[in-house]
Amino acid sequence: MSSPSIVWFRDDLRLADHPALRAAIDRGEPVVGLYVLDEESEGIRPLGGAARWWLHHSLASLADDLRARGSHLVLRRGAAASVVRSLVDDTGAGAVYWNRRYGGPERAIDTALKDGLRSDGVEVESFAANVLFEPWTVKTGSGTPFSVFTPFWNAARNLPAPREPLPRPREIPGLRSAPAGDDLDDWELLPTRPDWAGGLRERWQPGEAAARARLREFLDHDLGSYDAARDEPSAGATSLLSPRLRWGELSPHTVWHAGVETGGGTGAHATSASRFLSELGWREFAWHTLYHFPDLATKNWRKGFDAFPWPALDPAHLTAWEKGETGVPMVDAGMRELWHTGYMHNRVRMVTASFLTKNLLIDWRLGEQWFWDTLVDADGASNAFNWQWVAGSGADASPYFRIFNPERQAEKFDPKGLYIGQWAPDSAGREPIVDLAATRKAALQAYEAVKRAR
Ligand SMILES: Cc1cc2nc3c(=O)[nH]c(=O)nc-3n(C[C@H](O)[C@H](O)[C@H](O)COP(=O)(O)OP(=O)(O)OC[C@H]3O[C@@H](n4cnc5c(N)ncnc54)[C@H](O)[C@@H]3O)c2cc1C
């Protein structure tokens, strides 16, 4: 009788550079892949609509890849701990392997499950694979977590370099017949009525093979102009790797080493490569912050910001922002790009988030939730981290209260109006729903309460 190894896939929907999968293959018994759609465990945040769309396609691709190499992906739905246990019972598995996750509720589930399975005699091992630096290894001189990016990243860079990525396995021995599982279509991850995913289908191809192709294309063709053009939303100069990293179709190690190798030498290419690698550093910093502050999506990271006097919500303003009908062209263009494609350029994310929190004085949590529902790259760390950074409640070195002026941002980063022309050509001649100068002043006044609370 064989005693299979279960590989529990989570935010790592790939075969290459997958240490848990590698360990399972090395154990020499049949390998069973598992993905659990967990909408029941305490504290697990339900996925947003755009994320569900991506997940569906990425799982389909992973299942094909596993099948082509001799194994299976079993899909089951329910509270993760009991689903994993029941698959262990069904298959007589002797080992369960996974790559680590860093959110608070996720860690609680994984730790309890590891202890429980081990005490039943099942081998359980977890691996570092989804961040370059384990969040607890980057510490200040006094052993505390970092609260500012630059010293965080300097300290991380002084640690041993990220390991080389593991090769993609050619063969993965599986059980002769797959254990029972759900049909992916029955999970209803895709929208039906209405089907709003047309723009997502046009823009994206989820799955590991497409992710690797995009990485190569970006490094071979676009990297040289990254540093100069990365802030221009119409330039198409950024990597578009965020959903691929979010879903783990690429590991950060793979991206890191590919970037280091391509960016050698001097000149624009090298400057761009080092800028690109430091953007990966922001992703690391977001996970570091979430690990040490698990309530990042719900509570102000900066305690003093609890004193910020948010006025009563004007639901019409929130709806105008969500739909890209504010009459502020840069904001409307961004919000429509988001709705149509499940993505928004980083510069415009900052402008739209600033407009919501500073000009409309709407709590950052409502914006975070909208992005959570509409972004294909929405993740537990980066989304909340960046919302708090823009709102002023987050981990930011800046001593002042940052307010982006959407008109000046458009002049600077979309000088020919190409981005606005693509997404919100009708917005330019319209009256904004609020007066930008007056609302800016009101935001600064509201911030006085935070200063007093310090
Ligand atoms: C309000 C707001 C919300 C955001 N929500 C998310 C989110 O849910 N998920 C997400 O991945 N990014 C988020 N970002 C960060 C950033 O906008 C995206 O990572 C970036 O636009 C993705 O495009 P790209 O892959 O072409 O980026 P590139 O410029 O090519 O950067 C390469 C990679 O670095 C990482 N990265 C770059 N900037 C950041 C950043 N500021 N914070 C964390 N990682 C970064 C991403 O993994 C990205 O794929 C948010 C930013 C803001 C201002």
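Scoring rules and cut-offs
Residues numbered from 1 in each chain as written. Predicted model: local features only at pLDDT ≥ 70, side-chain atom pairs only at ≥ 80, totals over all residues. Heavy atoms only, no water. Helix = DSSP H or I, 4+ residues; strand = E, 2+ residues; numbered from the N terminus. Rg over C-alpha atoms; globule rule 2.2 N^0.38 Å. Buried < 20%, exposed > 50% of the residue type's maximum accessible area, 1.4 Å probe, protein only. Contact = heavy atoms within 4.5 Å. Areas by Shrake-Rupley, 256 points an atom, 1.4 Å probe, with all protein chains shown as cover. Lys, Arg positive; Asp, Glu negative; His and termini not counted. Charge placed at Lys NZ, Arg CZ, Asp CG, Glu CD. UniProt positions renumbered as here; feature names shortened; annotations may be inferred. Phe/Tyr/Trp six-rings, centres within 6.5 Å; stacked < 30°, edge-to-face > 60°. Near = heavy atom within 4 Å. Polar contact = N/O pair within 3.5 Å; in protein donor to acceptor, adjacent residues only side chain to side chain. 1 Å grid on protein atoms, 1.4 Å probe; cavity = no way out; pocket = protein on both sides within 12 Å on 5 of 7 lines; lining within 4 Å. Sits in = over half its atoms within 2 Å of the grid points. Nonpolar A, V, L, I, M, F, W, Y, C, P; charged D, E, K, R; others polar. Axes fitted to C-alpha atoms, helices over the stretch in contact; angles between N-to-C directions. Parallel < 35°, antiparallel > 145°, perpendicular 65-115°, else oblique. Left-handed = near helix turned anticlockwise from the far one by under 90°.

Focus: the overall build of the protein chain
Along its length, the protein chain carries 19 helices and five strands. For the protein chain, whose C-alpha radius of gyration is 23 Å, the value lies close to the compact-globule estimate of 22 Å for 454 residues. Structurally, the protein chain occupies a C-alpha span of about 75 × 50 × 45 Å along its principal axes. Classification of the 454 residues of the protein chain by burial places 56% in the buried group. When contacts within the protein chain are restricted to residue pairs at least 6 apart in sequence, those whose partners lie at least 24 apart make up 82%. Accessible surface computed for the protein chain: about 19,500 Å², of which carbon and sulfur atoms make up 51%. Within the protein chain, one finds 52 positive and 60 negative side-chain charges whose respective centroids are separated by 5 Å.

Some words on the UniProt feature "domain: Photolyase/cryptochrome alpha/beta" (unreviewed entry) in the protein chain
Here, UniProt's "domain: Photolyase/cryptochrome alpha/beta" (unreviewed entry) annotation points to residues 3–132. With 45% helix and 22% strand, the stretch residues 3–132 has end C-alpha atoms that lie 32 Å from each other.

Side note on the packing of aromatic side chains
In total, this model carries 33 aromatic pairs according to the counting rule given. Ring geometry for Tyr-226 versus Phe-276: centroids 5.7 Å apart, planes at 90°, classification edge-to-face. Of this pair, Tyr-226 sits in helix H8 (residues 226–229) while Phe-276 is found in helix H11 (residues 267–292), placing the two residues 50 residues apart along the sequence. Ring centres 6.1 Å apart and planes at 40° place the aromatic pair Phe-308 and Phe-401 in the tilted group.

Here's the deal with the site of the ligand
Around the ligand sit 26 residues, and of these Tyr-226, Thr-238, Ser-239, Leu-240 and Asn-346 come closest. Leu-241 is positioned such that a nitrogen or oxygen atom in its backbone is 3.0 Å from an oxygen atom of the ligand. Between the ligand and Asp-377, the relevant distance is 2.9 Å, taken from a nitrogen atom to a main-chain nitrogen or oxygen of the residue. When the free accessible area of the ligand is taken as 820 Å², the share hidden by the protein chains comes to 97%. Taken atom by atom, the bulk of the ligand overlaps the largest pocket. Sorting the residues of the shell around the ligand by element identifies helix H9 (242–246), H11, helix H14 (346–359) and helix H16 (382–391) as the ones contributing at least two each. If you tally residues by element for the shell around the ligand, the top one is H11, at five residues. Broken down by class, the residue content of the shell around the ligand amounts to 14 nonpolar, seven polar and five charged.

Some words on the packing of helix H13 (residues 329–341) against H14
Look at H13 against H14: their axes get within 9 Å of each other, and the N-to-C directions meet at 115°. Taken together, the axes of H13 and H14 are roughly perpendicular relative to one another. Along this stretch, H13 crosses H14, giving a crossing that reads as left-handed. In this structure, H13 contributes Met-330, Val-331, Gly-334 and Met-335 to the contact, and H14 contributes Val-348, Val-351, Thr-352 and Phe-355. Considering only residue class, the contact of H13 with H14 consists of six nonpolar, two polar and no charged.

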